[in-house]
Amino acid sequence: MIIILHGFGTTGEGSHLCQAIHTLAEENGELSFTPTYPTNNPHLAHIYLSNYLNEKINDHDSSPIIIGFDLGGFWARHLAALCMP
């Protein structure tokens with residue numbers, strides 16, 4: 001399972017890089033998601049992404065690979081730290 005996080009001022013569906021990674025992942029049989037989170041409110045982004053990640057982990061019973069760039073890179077690193085035991 002791959003979670004792909006977009007940068008500031010865009011969306012998961014509107015980011016060409018997110019969609020390119022998503023397409024590549026699915027072509028190789030990987031399950032991938034490109035959530036859209038609020039880029040202008042760090043508090044809401046943290047709540048949304050934490051809940052989203054927990055939901056995906058519970059639904060698919062697997063550890064995710066989290067990819068991000070720009071602001072999404074910050075959130076990818078932050079979420080990875082939260083997932084570590």
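Everything that follows concerns the structure shown earlier in this document.
What counts and how
Residues numbered from 1 in each chain as written. Predicted model: local features only at pLDDT ≥ 70, side-chain atom pairs only at ≥ 80, totals over all residues. Heavy atoms only, no water. Buried < 20%, exposed > 50% of the residue type's maximum accessible area, 1.4 Å probe, protein only. Helix = DSSP H or I, 4+ residues; strand = E, 2+ residues; numbered from the N terminus. Pairing = 2+ DSSP bridges. Right-handed = clockwise from strand over helix to strand, strands pointing away.

*Asks:* Looking at this structure, I do not really get the pairing of strand E1 (residues 2–5). What am I missing?
*Replies:* Every regular strand shows the same layout, with side chains that alternate between the two sheet faces. The alternating pattern of E1 places Ile2 and Ile4 on one face and Ile3 and Leu5 on the opposite face, and all of these are buried. Sheet topology places E1 next to strand E2 (residues 32–33); two bridges connect them, and they run parallel. The residue of E2 that forms the bridge with Ile2 is Ser32. Since E1 and E2 lie parallel, the crossover through helix H1 (residues 16–27) that links them has a hand, and here it is right-handed. With four bridges joining them, E1 and strand E3 (residues 65–68) adopt parallel strand pairing. Bridge assignment links Ile4 to a residue of E3, and that residue is Ile67.

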